[in-house]
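Residue strings, one per chain:
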Amino acid sequence: MRRPRLDVNLEELDRVLDQARQVPLSEPDYEKLKRALHALAAMLPPPRTTEKTKDVLGQSAAPGPESEPGPSSEKKPGHGRNGASAYSGAKSVSVPHPELHAGDPCPGCEKGKVYPQKEPRTLVRIVGQAPLQATVYELGRLRCNLCGEVFTAPEPEGIGPEKYDETTAAMIALLKYGSGMPFYRLEKLEQVLGIPLPASTQWEIVEDEAEVVKAARDELIRQAAQGEVLYNDDTSMRVLRLAREPSDDRTGVFTSGIVSTQAGRKIALYFTGRQHAGENLRDVLERRAADLARPLQMCDALSRNVPKLSDGALILLANCLAHGRRQFVEVAANFPAACRYVLETLGDVYKYDAQARERQLSATERLAFHQQHSGPVMEQLHQWLEAQFALKQVEPNSGLGKAITYFLRHWKGLTAFLREAGAPLDNNVCERALKRVVLHRKNALFYRTLHGSEVGDLFMSLIHTCELAGANAFDYLTQLQRHASELALNPAAWMPWNYRDTLARLATPTAAEYAESCLAEKNGSSEEIVGGIGFGQLAK
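This section reports on the structure supplied with the text. (Residues numbered from 1 in each chain as written. Predicted model: local features only at pLDDT ≥ 70, side-chain atom pairs only at ≥ 80, totals over all residues. Heavy atoms only, no water.)

**Re helix α9 (residues 336-358)**
So the rule is basically this: Put simply, DSSP H or I for four residues or longer makes a helix, DSSP E for two residues or longer makes a strand, and each gets a number counted from the N terminus. To estimate how far a helix should reach, multiply one less than its number of residues by 1.5 Å.
The end-to-end C-alpha separation of α9 is 32 Å, in line with the 33 Å expected for 23 residues at 1.5 Å each. Looking one or two residues past α9, Q360 carries a phi angle of roughly 55°, positive in sign.

What follows is the structure in structure tokens.
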């Protein structure tokens, strides 16, 4: 509702405030002060939720380069209703027609015959349930009235020997470290639903699970070290009980995020402690094969993000263009004309990069494309930045001057995409990975101990890597526990992108398993049976 206009002046507001020190405000004075504050709030600009050029500058940005067609303007996926195929984790139930079968006469025209259609009609029905459910089995007991012996009904098949099965641990870990739901909040939810699950019990469950699946995380670290491009950054974290050496003068605690990419595959790793992102990346790269080419590192320009490698080890450094761009975003309100030029120029570079992705160019082709199109744009920007200081158009200590200085100081790293094949423009992949850490920090506030942070890092690494690989994290964690012995023998076969293939191979009977199944029927020796088995029999 629109408020009526009320004319007030500063002297009147001062009188109202002075009077409020001594006696309560009268209703008219209260209304005046309230409306004045509302009017002041209305004058403030609305909070900016994105850093897009049109939002930063308050109007539409200039059109993109006309030398090449831009990305397709078709509507992107993800808008509108979800089709049945989107429910990849749903249970599928086939419902045959109760009366008609293939080849039956048509009941409509009574002349033709009916045959199955290629696509069935699909119905989606969603039901609610508790995150963790419990079943109470009441085993009947009979007692002899003479000897007193008690006979108890056997346990149903398939219920397992443990109270909490593998799915329980997987769900708790997914809720806690994948969705940011603290243990105490899950405890309250389950209590309301009639399933007591204390927070201390939840911790014991995920702690035991972490020990089982640790081999998979270690294999992720090993494979991440072999990556072609490694993104890294860190964010602050609280650990309540963190023992430090007397000589340690550091006071901060951080969670570092590392995303390694190779051949389109992405691996996410998290490390919490006193070390910075560069030191954690150094520890990862110590597992890199010596015969591999130098990797690319993408990070912002903070020195603590760059690893200090051992003698002879080399790395190609690229700096985040989005961080450089943000320097101008933050001062755009005070220097709109200059910032508009920089933001729109960088916008052209991002549009060229989008065109390269749309054309599915290889790393070498993408490099040549950027050198042809983005190279002249960045060179023109470099000349403009230097001219601002040379012609004394900008004060170096001003907000705009500091933004220009940042860009010029780190120009080599910011333009690595013009020299190195596969070099990304920005560190947004790692920034998105760190959102999982921020979500946990926002909800749980802290880790109690360093051991607790190690468990959290382990599950976040597995869960986010599953997300990047398009795998079901709940199913993945469950299968790792169910096949702990196989995981320990060959961790590389149990990665998020290939564990389903491994499960399929395990489901296929081997010669030894086929022989054992035949022993019960023929009562012969396994050696004789295996010797007589052909490939055709094994396939069956």
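**Remarks on helix α17 (residues 499-507)**
Threshold: Only protein chains enter the calculation, and the probe is 1.4 Å; a residue is then buried if its accessible area is under 20% of its type maximum, exposed if over 50%, and partly exposed in between. The directions from the helix axis to the C-beta atoms form the arc being described.
Burial in α17 covers these residues: Y499, T502 and L503. What you see down the axis of α17 is that its buried residues fit within an arc of 100°, all on one side.

**Topic: the sheet that holds strand β6 (residues 265-273)**
In a beta sheet, neighbouring strands pair by backbone hydrogen bonds and run either parallel or antiparallel. Condition: What makes two strands pair is DSSP finding at least two bridges between them. Here an axis means a line fitted to C-alpha atoms, over the contact stretch when the element is a helix, while the angle between two N-to-C directions is reported on a 0 to 180 degree scale. What makes two residues a contact is simply this: any of their non-hydrogen atoms within 4.5 Å.
An order of β6-β5-β3-β7-β8 is seen for the five strands of this open sheet, with the pairing classed as mixed. What marks the edges here is a single partner per strand, and that holds for β6 and β8 (316-319). Across this sheet, the average inter-strand angle for adjacent strands is 20°, counted without regard to direction. With three bridges connecting them, strand β3 (residues 229-236) and strand β7 (residues 296-299) associate as parallel partners. Bridged to L230 within β7 is Q297. Here helix α6 (residues 199-224) sits on the sheet in contact with β3, β5 (254-262) and β6, set at roughly 115° to β6. Lying over the sheet, helix α7 (residues 277-285) contacts β3, β5, β6 and β7, oriented at roughly 140° with respect to β3.

**Overview of the nonpolar core**
Our working definition: Nonpolar cores are built from buried Ala, Val, Leu, Ile, Met, Phe, Trp, Tyr and Cys residues. Side-chain atoms within 4.5 Å join them into one set.
With 101 residues, the main nonpolar core has Y177, F328, F407 and F459 as its most contacted residues. Beyond its immediate sequence surroundings of up to four residues, F459 is in contact with A173, Y177, V206, E209, A210, V213 and L477.

**What to know about the pattern of salt bridges**
What counts, and what does not: Here, a salt bridge means any side-chain nitrogen of Lys or Arg that lies within 4 Å of a carboxyl oxygen of Asp or Glu.
By the definition in use, this model includes 12 salt bridges. The salt bridge partner of D218 is K214, with a shortest N-O separation of 3.1 Å. Of this pair, D218 and K214 are both found in helix α6, four residues apart, which corresponds to roughly one turn of the helix. Among the residues examined, D218 registers a relative accessible area of 23% and is labelled partly exposed. K214 sits in the partly exposed class, given a relative accessible area of 34%. R217 is the partner of D218 in a salt bridge, and the nearest nitrogen-oxygen pair spans 3.2 Å.

**Quick word on the packing of aromatic side chains**
Convention followed: Two rings from Phe, Tyr or Trp (for Trp, the six-membered ring) form a pair when their centres sit within 6.5 Å of each other. Planes less than 30 degrees apart are called stacked, planes more than 60 degrees apart edge-to-face, and all others tilted.
All chains considered together, the criterion is met by six aromatic pairs. A ring pair is formed by Y476 and Y499, whose centres lie 5.1 Å apart and whose planes are at 70°; its orientation type is edge-to-face. Of this pair, Y476 sits in helix α15 (residues 473-482) while Y499 sits in helix α17, and the two are 23 residues apart along the sequence. As far as the burial class goes, Y476 and Y499 line up, both buried. What links up through ring pairs into an aromatic cluster is the set F328, F407 and W411.

**Here's the deal with the packing of α6 against helix α14 (residues 450-469)**
Here is the rule: Relative orientations are named as follows: roughly parallel for angles under 35 degrees, roughly antiparallel for angles over 145 degrees, roughly perpendicular for angles from 65 to 115 degrees, and oblique for any other angle. By definition, turning the near helix anticlockwise from the far helix through less than a right angle yields a left-handed crossing, and turning it clockwise yields a right-handed one. In this classification, Asp, Glu, Lys and Arg are treated as charged, Ala, Val, Leu, Ile, Met, Phe, Trp, Tyr, Cys and Pro as nonpolar, and every other residue, Gly included, as polar.
At a minimum axis separation of 9 Å, α6 and α14 run at an interaxial angle of 60°. Looking at the two axes, α6 sits oblique to α14. For the pair α6 and α14, the crossing hand works out as left-handed. Across the interface between the two elements, W203, V206, E207, E209, A210, V213, K214, A216, R217 and L220 of α6 pack against H451, G452, V455, L458, F459, S461, L462 and T465 of α14. In the contact of α6 with α14, the residues fall into 10 nonpolar, four polar and four charged.

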